[in-house]
Each structure stands twice: as C-alpha cells, then as structure tokens.
Amino acid sequence: MPSLADLKQALDLRREEQLWRKAPLLESAQGVLIQLEGQEVINFCSNDYLGLAADPRLEEALIQGARRWGTGSGASHQVCGHQSPHQQLEEELAKLTGRQAALTFSSGYLANLAAVQTFVGRGDQVFQDRLNHASLLDAGLASGAASRRFQHRDYQQLEGLLKAPTKGRRLLVSDGVFSMDGDQADIQQLVTLAEKHQAWLLIDDAHGLGVLGEAGGGLVGQQFSSEQVPLLTGTLGKALGSAGAFIAGDQLVIDYLRQFARQYIYTTAQPAAQACVTLRALRVLQEEPERRRQVFNNIAYFRDQALAAGLPLMASTTPIQPLLLETNERALHWSQALKAQGLLVMAIRPPTVPKGSARLRITLSAGHSRQQIDQLLEALLALQASESQGVSLG
Ligand SMILES: *Cc1c(COP(=O)(O)O)cnc(C)c1O
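Keep in mind that this is a model prediction, so the values were computed, not measured.

Conventions and cut-offs
Residues numbered from 1 in each chain as written. Predicted model: local features only at pLDDT ≥ 70, side-chain atom pairs only at ≥ 80, totals over all residues. Heavy atoms only, no water. Phe/Tyr/Trp six-rings, centres within 6.5 Å; stacked < 30°, edge-to-face > 60°. Buried < 20%, exposed > 50% of the residue type's maximum accessible area, 1.4 Å probe, protein only. Lys NZ or Arg CZ within 6 Å of the ring centre and 35° of its normal. Domains from an automatic or database assignment. Contact = heavy atoms within 4.5 Å. Buried area = accessible area lost by both parts, 1.4 Å probe. Salt bridge = Lys/Arg side-chain N within 4 Å of Asp/Glu carboxyl O. Polar contact = N/O pair within 3.5 Å; in protein donor to acceptor, adjacent residues only side chain to side chain. Helix = DSSP H or I, 4+ residues; strand = E, 2+ residues; numbered from the N terminus. Nonpolar A, V, L, I, M, F, W, Y, C, P; charged D, E, K, R; others polar. Near = heavy atom within 4 Å. Areas by Shrake-Rupley, 256 points an atom, 1.4 Å probe, with all protein chains shown as cover.

Now, about the packing of aromatic side chains: what can you tell me, with residues and values included?
This model, assessed by the stated rule, comprises five aromatic pairs. Here F150 and Y155 contribute two aromatic rings whose centre-to-centre distance is 6.2 Å and whose plane-to-plane angle is 55 degrees, an arrangement assigned as tilted. For the residue pair F150 and Y155, the accessibility class agrees, reading buried in each case. The structure contains a cluster of three or more aromatic residues connected by ring pairs, namely F119, W200, Y256 and F260. Its end group placed over the ring of W20, R15 keeps NZ or CZ at 4.1 Å from the ring centre.

So this is what it looks like as structure tokens:
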C-alpha cells in the first residue's frame with residue numbers, strides 16, 4: 001500500500017522536475033480565440049483542425065438531437081442503448097473510410113484498447129512504434145501479449161523483430177500521424193511487412209481523419225484496403241469537432257468486435273445526440289472541402305516562414321507543427337512567454353515525449369488567419385533572438 005507521504009513525495013518530484021501539469025481553464029467555447037483565466041488568447045494547441053468544435057450547425061445538431069433522442073443513451077449498445085443515429089453514424093464512418101463496417105466507441109482510448117485486446121492476448125505478440133499513442137501502448141501491455149517496440153519509423157529494426165519466429169498471433173500497431181511529432185507512418189512499408197511476416201496491421205488515424213486523404217477519409221481510408229489494413233481506428237473529437245471514436249474494417253471483424261470487445265459491451269453508449277453532431281460534421285466535411293485546403297495553406301505558410309527564420313521545426317506536413325526545444329525549462333519558458341503575449345501553445349514534456357525532446361506542440365487550424373499566424377511567428381522569432389543574445393531566461 002502506498003502511504004500518503006509516498007504520494008506527496010512523487011508530486012513534489014513532479015514539480016521539481018518541471019513536469020507538473022495544470023489544465024488551463026477555458027471560460028469560453030473551443031476555437032481559435034478563447035477566453036482563458038480572464039484573458040483572450042489565440043489558441044495554437046487544440047486538435048480542432050477544421051474549426052468545427054463550436055460550429056453553430058453542429059451546436060444545432062446537438063440541440064435537435066437531444067430533443068429527438070434525449071440526453072442519455074441509458075444503456076450499453078447491446079442492452080438497449082443503440083439508437084438510430086448510432087447506427088447511421090457507423091454506416092457513414094464505414095463509407096468515409098472505405099470499409100464494410102464500423103463500430104463506435106465513446107473515446108479513442110477505448111477504441112484502441114478494444115482493437116488490440118480483442119484480438120491478441122497471452123502467447124501473442126504486439127509490435128509497436130515507440131512513439132505510438134499512450135492508448136495503443138497501454139492496450140498492448142494490458143492485452144497480456146508480449147510487447148515489442150521499435151524505434152520511431154525504423155522499419156528495418158521492425159523487420160528484424162518480425163523475423164524472429166514466434167507462435168501465436170502477431171499484431172503490428174502504429175499511429176498514422178504521430179500525435180506529438182506530426183510526422184506520418186509509412187503505411188505502404190507497414191503493409192508490406194505485415195503481409196510478408198503474417199501479421200495483422202492496426203493503424204490509428206486519429207489525426208489523419210478529416211484532414212488527410214481524398215475527402216478527408218484519412219491517411220488510410222481510401223488509399224489502403226481492409227485486406228492491407230484490417231483494423232483502422234479513428235477519433236471524432238479532433239478534426240470532426242465532436243466526441244467519440246470508431247473501429248472500421250470488414251463486416252466479419254466488426255461483427256467479432258460487437259460480440260467480444262469488452263470496451264464496447266460493458267460501457268454506456270455515447271448519447272445519440274453526440275452521434276447527431278458527428279453526422280452533421282461529416283456533412284460539413286463533404287460540403288466544405290475549402291476547410292481542408294485552408295488548413296494546408298496555413299501549414300505551408302507557417303512552415304515556410306518558420307524554416308526561413310531558422311526555428312527548430314520538426315519534419316511534419318500535418319497540422320501538428322512541433323518546435324523542438326529539448327529541455328523542459330526551455331519549453332516551459334517559451335510557452336509561458338507566449339501566453340503572456342496572448343498566444344496559447346502547450347509545452348509537451350516527458351513522459352509524453354522522450355527525455356530531452358521537450359517541445360512546443362503548435363497546432364494549426366483552418367480557422368487561423370494569416371495575421372494570427374504572423375503574430376505567433378513574430379513572438380517565436382523574438383524568443384529565439386533573445387536566447388541567442390544570451391538574455392537571461394529569468
Ligand atoms: C487523441 C488520440 C487518441 C485518443 O482519442 P480520444 O477520443 O481523445 O480518447 C488515440 N490515438 C491518438 C493517436 C490520439 O491522438
């Protein structure tokens with residue numbers, strides 16, 4: 001049993017190591033301009049890439065959805081919580097991702113647990129990119145399968161691991177877009193390796209969905225078949241501005257999950273009104289491709305300017321544009337200095353990222369104006385200049 005003194009000691013250590021996390025308290029809806037602790041700030045840290053999280057049409061869908069379907073689903077899907085909007089949403093998500101079927105979950109964390117734990121267990125093996133999302137890493141550990149991790153996008157090392165003969169099933173797991181780096185897995189290489197070494201492939205497309213691919217179907221959706229990528233997960237709380245998540249795949253795979261995925265069976269279905277919001281978001285995605293174009297315009301502009309100015313940008317072509325600052329102190333200092341100027345950018349520190357790779361995780365949205373991006377760039381350049389002049393970090 002841990003004593004309270006143990007807990008306090010661990011908390012003190014967190015503070016000393018500059019790892020203390022404090023949730024910023026928003027006094028407004030999500031968006032590019034938010035109200036934070038009495039101050040209006042420009043938000044560069046949400047995953048609301050298309051600016052849909054407070055779209056009036058989605059809000060209306062929630063209101064109308066609640067009037068029609070109530071506020072609570074009242075039960076798990078298999079008992080009596082599965083309502084028409086859930087059903088319709090599953091069909092639409094299957095269509096968007098070019099799959100036969102889909103199954104919804106109340107969060108991406110749960111969907112990933114289900115996608116791993118339902119298919120592998122003791123005696124099996126899970127192969128993971130080291131930088132996979134925590135939910136995938138946790139899922140592998142919780143499954144009881146042996147976890148094999150390879151260096152980030154090091155597919156040669158992965159092949160070495162896959163060559164070792166093993167009994168049992170093998171599941172190869174990767175983020176599509178890496179959430180703290182913004183770079184992408186080489187899906188084609190993963191598909192080839194999975195085929196060659198008789199492994200199943202699971203791709204988590206949380207940050208690709210709605211942004212990448214033809215019509216926003218993600219990094220995998222229309223580009224790779226379900227034979228190539230049998231398990232595909234995505235989240236609805238990022239680009240789609242809603243909440244929840246899904247697994248998409250062949251009908252047989254989805255039927256199996258419906259019968260055996262504990263994370264689907266033993267939890268209350270998300271409110272149908274939330275499914276109404278996602279359905280509305282999918283329509284916006286289809287009808288307004290300019291949102292996706294705009295986010296890419298913003299990414300290109302930000303990268304051109306930042307690279308020309310010599311800022312330590314990481315290699316990413318997605319809305320996640322991290323600035324590698326290495327130490328926790330430096331990342332915190334930059335984040336605080338930006339906040340003082342009305343710019344919200346999160347410092348990401350270990351254990352979310354490897355030690356020595358603390359960073360600012362800048363995210364861009366279709367909703368950012370050129371002027372707002374310029375404001376961020378100017379502030380970043382000033383910070384860089386003040387460091388190179390040796391101005392104290394005080
Ligand atoms: C955010 C995220 C998740 C978790 O999704 P939630 O719906 O927020 O629980 C899973 N995988 C990746 C890569 C993510 O970025």
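After that view of the structure, there is still more to cover.
Break down the domain arrangement of the protein chain for me, with residues and values.
In terms of domains, the protein chain is made up of domain 1 (18-47 + 289-393) and domain 2 (56-287). Between the C-alpha centres of domain 1 and domain 2 there is a distance of 28 Å. Counting residues at the interface gives 21 residues for domain 1 and 24 residues for domain 2. Regarding the contact of domain 1 and domain 2, the summed buried area is about 1,500 Å², with carbon and sulfur atoms giving 57% of it. At the junction of domain 1 and domain 2, the tally comes to one salt bridge. One salt bridge connects D181 with R359, and the closest N-O pair in it is separated by 3.1 Å. One can count nine residue pairs in polar contact (both at pLDDT 80 or more) joining domain 1 with domain 2. Elements supplying a minimum of two residues to the side of domain 1 that touches domain 2: helix 12 (290-308), strand 10 (320-326) and strand 13 (358-363). The element contributing the most residues to the side of domain 1 that touches domain 2 is helix 12, with five residues. For the side of domain 1 that touches domain 2, the per-class residue count stands at 11 nonpolar, five polar and five charged.

Account for the site of the ligand, with residues named and values stated.
As a structural note, the neighbourhood of the ligand is formed by 13 residues, with G108, Y109, D204, H207 and K238 the closest of them. Between the ligand and G108, the relevant distance is 2.7 Å, taken from an oxygen atom to a main-chain nitrogen or oxygen of the residue. Protein contacts shield 81% of the accessible area of the ligand, which totals 380 Å² for the unbound molecule. By residue class, the composition of the shell around the ligand is two nonpolar, eight polar and three charged.

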